[in-house]
Amino acid sequence: MTQIHTHQPDDHDSAYEGLLVDDAHWAFGSGQEFEHSEDPLAGVDTTVPDGVDPTTLATYCLMLGDDALVMSHRLAELTSRAPDLEEDIAIANIALDLLGQARLLLTRAAAADPEIVPGSREARPTGPGPSVPAEDALAFFRGDQGFRNVRLVEVPNGDFGETIARLVLFSTYRLALFERLTASRDQVLASIAAKGVKELAYHRDFAGRWFLTLAQGTDESRRRVLDGLAGLLPLWPELFDSHQVEAELAAAGIGVDPSGLAAEVEVVLDQVLAVAGVTRPQTAPLAGVRRLKGRDGMHTEALSKLLAEMQVVAREHPTGRW
Amino acid sequence: MAAPTREALLERARAAAEAVTDPELPMLTLADLGVLRDVRLTEHGVEVAITPTYTGCPAMAAMRDDLSRELRAAGFEEVTVRVDLSEPWSTDWITERGKDALTAHGISAPGAARRHDGPVALTLRPVRRSVTCPRCGSVDTEVTSEFGSTACKALYRCVDCLEPFEHVKEI
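Every chain's residues receive numbers from 1 upward, in the order its sequence appears when written. All chains are assigned letters beginning with A, and all ligands numbers beginning with 1, in the order in which they are written. Owing to the predicted nature of the model, reporting of local features is limited to residues with pLDDT of at least 70; listing and counting of side-chain atom pairs is limited to 80 or more, with chain, interface and lining totals taken over all residues. Hydrogens and water are ignored here; the side-chain numbers use all heavy atoms of the structure.

**Here we look at the interface of chain A and chain B**
What counts is decided by this rule: In this analysis, two residues are considered to be in contact whenever any of their non-hydrogen atoms come within 4.5 Å of each other. Salt bridges, as used here, are contacts in which a Lys or Arg side-chain nitrogen is within 4 Å of a carboxyl oxygen on Asp or Glu. We call two N or O atoms a polar contact when they sit within 3.5 Å, provided that within protein one can donate a hydrogen and the other can accept it, with sequence-adjacent residues counted only if both atoms are side-chain atoms. Helix numbering and strand numbering both begin at the N terminus, where a helix is a DSSP run of H or I of at least 4 residues and a strand a DSSP run of E of at least 2.
Of the residues lining the interface, 46 residues belong to chain A; the matching set on chain B comes to 44 residues. Between chain A and chain B we count 0 salt bridges in total. Remark: the boundary between chain A and chain B carries 15 residue pairs in polar contact (both at pLDDT 80 or more). For the side of chain A that touches chain B, the secondary-structure elements that each account for two or more residues are α2 (85-112), α4 (160-181), α5 (187-215) and α8 (262-276) of chain A.

As structure tokens, this is what we get:
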């Protein structure tokens, strides 16, 4: 009987063959070549400036870092869910920029005061393994009350209109904050801020343009972006509360007191609203719990749910390496 | 054979470091991209400084590994790769040779970065850049998205030849 051949075996039979030849052309290698030195501040002088309490500086870095980390996670949740591919990529890019800022700030926090890093005192069964970098230990092994982000960034995602409204609020605030932070006596914070300013200016323009487009689009797009804004505005005043840590570091020439930002930030927001033909919805601020808010580690339950998802893999495999 | 002089060693280190390419823009060396900030000899090896293009640039780890590997291959035992954040990276640091390499590979090179004193002004109208299509040379191009496949690029479309292309955005 004649044997039927449909294919001669050749070099292309295994899809995995090409993976094994040359590591160098893979952006992340095969993972076998070097121990990755992932410290995003490798070689940077992280000496704490004179006259500053290291724990206070570390806490301040957590505040700014957690804002970026939690906002980044909320944006990353939208990957593959944006209205179109371009906006999907845009939102993912903004999330990536903020994740980068979070990495630098959490690493700076740990360098200022290693004691704040979970697992630094004793290895607990649920704590990070010894090979876990400080930034990861801080991101994945702190409970909700250890997070110092403002509550604006943690509330669950709504629709695209809500996402744009939140990005307008957050990037306007953070850009103004970072512009002032470039003058920090702490060289590390000043450098992180100088880099962040360029990124945040781009985010704010993106969000502002979409706000305009939606507000002046159809009745439905206008209704959605205004609903999003009205739902978020109760969390807006919290951004300008002055926490003791912020006030102390502002006085020391290291940080920025957010209460001093309000006037400047409101002007920009009013500009966006005016061009969009929107009257600002009147809303009452969301109170804290016994006056404690996000900067004190007092959050809405949404943060616990976010963290449960964000942290589960690291906590299930505390000694895992990847 | 006499041991190489410090100058010759430094030259060798520079040549090895400057030849390393960007993992995401392989037509560009790290030197042409403006990411390689410093190369200096240490007692037992070499120390190089790099700066990230964007804060979240995931290519930093790969750059670090590539520099380590190439410098070790060039005979340096101890290789330290340091992060330099003293000045934020700007597309103005991409060399002319780098810009030519981008264009030759179908990526539109950045123009001069915007400078500003004082607070960054809000821009609610689309950014107007004079972007030339890297394929057909037409200046009739339009932006399709301010963000692209990597943090450093925006998406454009040529109105004449209809091809989409990427533009390295000015920062």
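And the narrative resumes.
**Regarding helix α1 (residues 6-18) of chain B**
All names here are of chain B. Worth spelling out the cut-off: Residue count minus one, scaled by 1.5 Å, sets the expected span of a helix. For every residue, the accessible area (1.4 Å probe, protein chains only) is compared with the maximum for its type, and the residue is labelled buried under 20%, exposed over 50%, or partly exposed between those bounds. The directions considered for the arc are those from the helix axis to the C-beta atoms.
Taking 1.5 Å of rise per residue, 13 residues should cover 18 Å, and α1 covers 18 Å from first to last C-alpha, within 8% of that figure. For α1, the complete set of buried residues consists of L9, A13, A16 and A17. Mapping the buried residues of α1 onto a view down its axis gives an arc of 95 degrees, with all of them on the same face. On its buried face, α1 is in contact with β1 (36-41), β2 (45-50) and α3 (60-73).

**So, the pairing of β2 of chain B**
Residues and elements named next belong to chain B. Rule in force here: Only strands that DSSP links by at least two bridges are regarded as paired with each other. Here a crossover is taken to be right-handed if, once the strands point away from the viewer, the path from the first strand over the helix to the second is traced clockwise.
The buried fraction of β2 amounts to 6 of the 6 residues, a majority that puts the element mostly inside the structure. Pairing analysis gives 5 bridges linking β1 to β2, with the strands arranged antiparallel. Residue pairing in the sheet places R40 in a bridge with E47 of β2. Across 6 bridges, β2 lies against strand β3 (residues 78-83) in parallel orientation. Each bridged residue has a counterpart across the sheet, and for A49 the counterpart in β3 is R82. For the segment spanning β2, α3 and β3, crossover handedness is right-handed.

**Thoughts on the layout of surface pockets**
The following threshold applies: Detection works on a 1 Å grid of protein atoms alone, calling trapped sets that fit a 1.4 Å probe cavities and calling open sets with protein on both sides within 12 Å along at least five of seven lines pockets, with lining residues defined by an atom within 4 Å of a point. Grid points are joined across faces, edges and corners, and a volume is the space filled by probe spheres set on the points. For this scheme, ten residues count as nonpolar: Ala, Val, Leu, Ile, Met, Phe, Trp, Tyr, Cys and Pro. Four count as charged, namely Asp, Glu, Lys and Arg, and the remainder, Gly too, count as polar.
Taken as a whole, the second largest pocket spans an internal volume of roughly 780 Å³. For the second largest pocket, the lining is made up of 31 residues, of which K198 of chain A together with R114, R115, H116 and I171 of chain B are closest to its centre. Mapped by element, the contributors of at least two residues to the lining of the second largest pocket are α4 and α5 of chain A. With 6 residues, the single largest contributor to the lining of the second largest pocket is α5 of chain A. By residue class, the composition of the lining of the second largest pocket is 14 nonpolar, 5 polar and 12 charged.

**What about the packing of aromatic side chains?**
Each aromatic ring pair is characterised by the separation of its centres together with the angle its planes make. Inclusion rule: Only rings of Phe, Tyr and Trp enter the pairing, Trp through its six-membered ring, and a pair is recorded when the two centres are within 6.5 Å. The plane angle decides the type: under 30 degrees is stacked, over 60 is edge-to-face, the rest tilted. Placement of a charge over a ring requires the Lys NZ or Arg CZ to be within 6 Å of the ring centre, with the centre-to-atom vector within 35 degrees of the ring normal.
Overall, the coordinates contain 6 aromatic pairs over all chains when judged by the stated rule. Between F206 of chain A and F147 of chain B the ring centres are 5.4 Å apart and the planes differ by 90 degrees, which places this aromatic pair in the edge-to-face class. Placement of F206 of chain A in helix α5 and of F147 of chain B in the loop between β5 (141-145) and β6 (153-158) is noted, with the two residues assigned to different chains. The pair formed by F206 of chain A and F147 of chain B is uniform in burial state, with each residue classed as buried. Among the aromatic residues, those joined into a ring-pair cluster are Y173, W236 and F240 of chain A. One Lys or Arg, R142 of chain A, reaches over the ring of F147 of chain A and ends 4.1 Å from the middle of that ring. The aromatic ring of W93 of chain B is capped on one face by R37 of chain B, whose charged end is 3.7 Å from the ring centroid.

**Focus on the environment of C61 of chain A**
Residues and elements named next belong to chain A. For C61, the location among the structural elements is in helix α1 (residues 54-76). When the C-alpha positions of C61 and I94 are compared, they lie 20 Å apart, and in sequence the two are 33 residues distant. Leaving out residues up to four positions away in the same chain, C61 has contacts with L105, R108, A109 and L189.

**Observations concerning the environment of D219 of chain A**
All names here are of chain A. As for its placement among the helices and strands, D219 is situated in helix α6 (residues 219-232). When its relative accessible area of 69% is taken as the criterion, D219 is described as exposed. Put simply, D219 and E238 are 19 residues apart on the chain and 30 Å apart in space, counted from C-alpha to C-alpha.

**A look at the domain arrangement of chain B**
All names here are of chain B. Stated precisely, the cut-off is as follows: For the domain bounds, the source is a domain assignment made automatically or taken from a database. Note on terms: buried area is the combined drop in 1.4 Å-probe accessible area of two parts once they are placed together, counting the loss on both.
In terms of domains, chain B is made up of domain 1 (6-83) and domain 2 (107-168). Each of domain 1 and domain 2 has a C-alpha centre, and these two points are 29 Å apart. Taken together, the contact between domain 1 and domain 2 spans 4 residues of the former and 5 residues of the latter. Between domain 1 and domain 2, the buried area comes to about 380 Å², and carbon and sulfur atoms account for 81% of it. Considering only the surface of domain 1 that becomes buried against domain 2, E24, L25 and Y54 emerge as the three largest contributors, covering 85% of it.

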